[in-house]
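# Coordinate inspection notes
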Amino acid sequence: MSNKILIPVDFSIHSDKAVEYAVQLAEKNNFQIDLLHVFTDHSNIYMNALKDPSLVDPRVPEAKQKMAKLMEKQNQDTPGIQFQPLYADGNLYDEVRRLAAKEQYDAIIMGTKGAFGLDALLIGSNMFDVFLNTKVPVLAVPYSEKKFKVNKVGLLCNFKYGEIDVLKQAIKVYGTNFELVLIHVNTSNESVHNIDKSFEVFIDKIVEETGIEDISYVIKSQTFFVQYKEDISSAINTVIADELLDVLLVTKSKKTFLRKIIEENIVKKMAYDIKIPKFFARRTEE
């Protein structure tokens, strides 16, 4: 287990919130937190500053000063958590992907807005492709004044083994001390009896492989969409609100673009519409 988290930071309130969330996790699980600032507006601003003092751009010491201030505040509030500042030039997505390939991170935690936020990462289909295919889980944290909790965790469920794999990756970050709510959207109008049977088998498998036993499930039926004129992502948001979920786990798949367009849109809409922290992960063998 790597026990490391990566956070892209631009010193906005959104990346500060991602750091705050990571600190809560680190207090429980002894994570090292790597804080990455990328100088995206100039190709060699940071490397020039390292090689030749006469080429130091004022944005470099300014960023380092902000990083030091951020780390000092966190060290005062939560001493004992190890922070490592990282700096790079270039494209945020490329640098995140490069680090994620090089280091063993349990998660990349991002604010949802701002220059370094998840919304910036998802602009354009190419960036969404990067997000979809990142092997390290991406944990998107919305800006909120309320204290984050991890009492009730939702998992989007189609009874695929890969979803249990995603749950296992989430356990590395959150532990197992939570109630798990499985959410199945019945788009094929399968009988509730058959779905209940599928849940029985799937829950047994989850208990066997993770040890989590506090498990319930929710089925959203096709008639729900017709009656309320809702799409799948808004139906999931209804479950989030009704069940008072603290986190939602979403399975990404490399095959998403080869499947029905609606399936691609579900992950995309889930990624854009962040009301609670959402944990996006791929099954590890993909």
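Parameters at a glance
Residue numbers restart at each chain and count upward from 1, following the sequence in its written direction. With pLDDT at 70 or above as the cut-off, local features in this predicted model cover only qualifying residues; side-chain atom pairs require 80 or more to be listed or tallied, and sums for whole chains, interfaces and linings still use all residues. Neither water nor hydrogens contribute to the side-chain values; these are computed over all heavy atoms in the structure. An axis is simply a line fitted to the C-alpha atoms; with a helix, the fit covers only the stretch in contact. Between two such axes, the angle follows the N-to-C directions and lies from 0 to 180 degrees. Strands here mean DSSP runs of E at least two residues long; helices mean DSSP runs of H or I at least four residues long; both are numbered from the N terminus. Note that the term roughly parallel is reserved for angles under 35 degrees, roughly antiparallel for angles over 145, roughly perpendicular for angles of 65 to 115, and oblique for everything else. Any two residues whose heavy atoms approach within 4.5 Å at even a single point are treated as in contact. Polar here means any residue other than Ala, Val, Leu, Ile, Met, Phe, Trp, Tyr, Cys and Pro, which are nonpolar, and Asp, Glu, Lys and Arg, which are charged; Gly is therefore polar. The handedness criterion is simple: a crossing whose near helix is rotated anticlockwise from the far helix by less than a right angle is left-handed, and one whose near helix is rotated clockwise is right-handed. Both cavities and pockets are sets of points on a 1 Å grid over the protein atoms alone; in a cavity a 1.4 Å probe fits but cannot get out, in a pocket the set is open with protein on both sides within 12 Å along at least five of seven lines, and lining residues sit with an atom within 4 Å of a point. Grid points are joined across faces, edges and corners, and a volume is the space filled by probe spheres set on the points. The predictor rates its confidence in each residue with pLDDT, a number between 0 and 100. Two strands are counted as paired when DSSP detects at least two bridges linking them. A helix is expected to span 1.5 Å for every residue after the first. Throughout this description, buried means an accessible area under 20% of the type-specific maximum (1.4 Å probe, protein chains only), exposed means over 50%, and partly exposed covers the range between. Throughout, the arc means the angular range of directions from the helix axis out to the C-beta atoms. We call a set of buried residues a nonpolar core when its members are Ala, Val, Leu, Ile, Met, Phe, Trp, Tyr or Cys and they connect through side-chain atoms within 4.5 Å of each other.

A few words now on the packing of helix 1 (residues 13–29) against helix 7 (residues 161–174). Two elements in contact, helix 1 and helix 7, have axes whose closest approach is 8 Å; the angle formed by their N-to-C orientations is 85°. In terms of their interaxial angle, helix 1 and helix 7 are classed as roughly perpendicular. Of the residues in helix 7, those in contact with Tyr 21, Leu 25 and Asn 29 of helix 1 are Lys 172, Val 173 and Tyr 174. Partitioned by chemical class, the residues of the contact of helix 1 with helix 7 number four nonpolar, one polar and one charged.

Before going further, it helps to spend a moment on the packing of helix 7 against helix 8 (residues 192–210). Each pair of packed helices can be described by the angle between their axes along with the distance between the axes. Between helix 7 and helix 8, whose axes approach to 11 Å, the crossing angle comes to 35°. At the point where helix 7 passes helix 8, the crossing takes the right-handed sense. Contacts from Tyr 161, Glu 163, Ile 164, Leu 167, Lys 168 and Ile 171 of helix 7 reach helix 8 at Phe 202, Lys 205, Ile 206, Glu 209 and Thr 210. When the residues that make up the contact of helix 7 with helix 8 are grouped by side-chain class, the tally is six nonpolar, one polar and four charged.

Turning our attention to the layout of surface pockets. Size it by volume and the second largest pocket reaches roughly 390 Å³. In terms of lining residues, the second largest pocket is bounded by 15 residues, among which Asp 16, Leu 70, Lys 73, Gln 74 and Asp 77 are the most central. At the level of secondary structure, the elements contributing two or more residues to the lining of the second largest pocket comprise helix 1 and helix 3 (59–77). Residue composition of the lining of the second largest pocket, grouped by class: three nonpolar, three polar and nine charged.

Here we come to the confidence of the model for the chain. Put simply, the chain has an average pLDDT of 82, and 80% of its residues get 70 or more. Here helix 9 (residues 222–228) stands out as the least confident element of the chain, with mean pLDDT 57; strand 6 (residues 152–156) is the most confident, with 96.

Here we come to the sheet that holds strand 2 (residues 32–39). Strand order across the open sheet formed by 10 strands is 3-2-1-4-5-10-9-6-7-8, with mixed pairing between neighbours. Of all the strands in the sheet, just strand 3 (82–89) and strand 8 (215–220) have a single pairing partner and so form its edges. Within this sheet the neighbouring strands show an average axis-to-axis angle of 25°, counted without direction. Here strand 1 (residues 4–8) pairs with strand 2 via five bridges, running parallel.

The first and last C-alpha atoms of helix 7 sit 20 Å apart over 14 residues, in line with the 20 Å expected at 1.5 Å per residue. Counting buried residues along helix 7, 11 of its 14 residues qualify, which places the element largely inside the surrounding structure. Listed in full, the buried residues belonging to helix 7 are Gly 162, Glu 163, Ile 164, Asp 165, Val 166, Leu 167, Gln 169, Ala 170, Ile 171, Val 173 and Tyr 174.

The end-to-end C-alpha separation of helix 8 is 26 Å, in line with the 27 Å expected for 19 residues at 1.5 Å each. Among all positions of helix 8, only Ile 195, Phe 199, Phe 202, Ile 203, Ile 206 and Thr 210 are buried. Within helix 8, the buried residues cover an arc of 110° as seen down the axis, which keeps them to one side. For helix 8, the exposed residues set more than 90 degrees away from the buried face come down to His 193, Val 201, Asp 204 and Glu 208. Those residues of helix 8 that are buried are in contact with helix 7, strand 7 (179–185) and strand 8. Note on helix 8: the residue one or two positions beyond its end, Gly 211, has a positive phi of about 85°.

So, on to the pairing of strand 10 (residues 278–282). Burial of strand 10 is extensive: five of the five residues sit out of reach of the surface. Going residue by residue along strand 10, you find Lys 278, Phe 280 and Arg 282 tucked away on one face and Phe 279 and Ala 281 tucked away on the opposite face as well. In this sheet, strand 10 lies alongside strand 5 (residues 138–141) in antiparallel orientation, the contact comprising three bridges. Its bridge partner lying in strand 10, Val 138 is registered against Phe 280. Note that strand 9 (residues 247–252) and strand 10 share five bridges and pair parallel. Looking at strand 10, one finds that Leu 249 is bridged to Phe 279.

Another aspect to go through is the nonpolar core. One finds Ile 7, Tyr 21, Leu 35, Ile 109, Tyr 174, Leu 180 and Leu 182 to be the most contacted residues of the largest nonpolar core, which totals 53 residues. Dropping the residues within four chain positions of it, Tyr 21 is found in contact with Ile 109, Leu 139, Val 141, Phe 148, Val 150, Tyr 174, Val 247 and Pro 277. Formed by 38 residues, the second largest nonpolar core is a distinct cluster that contains Val 38, Met 110, Leu 118 and Val 250.

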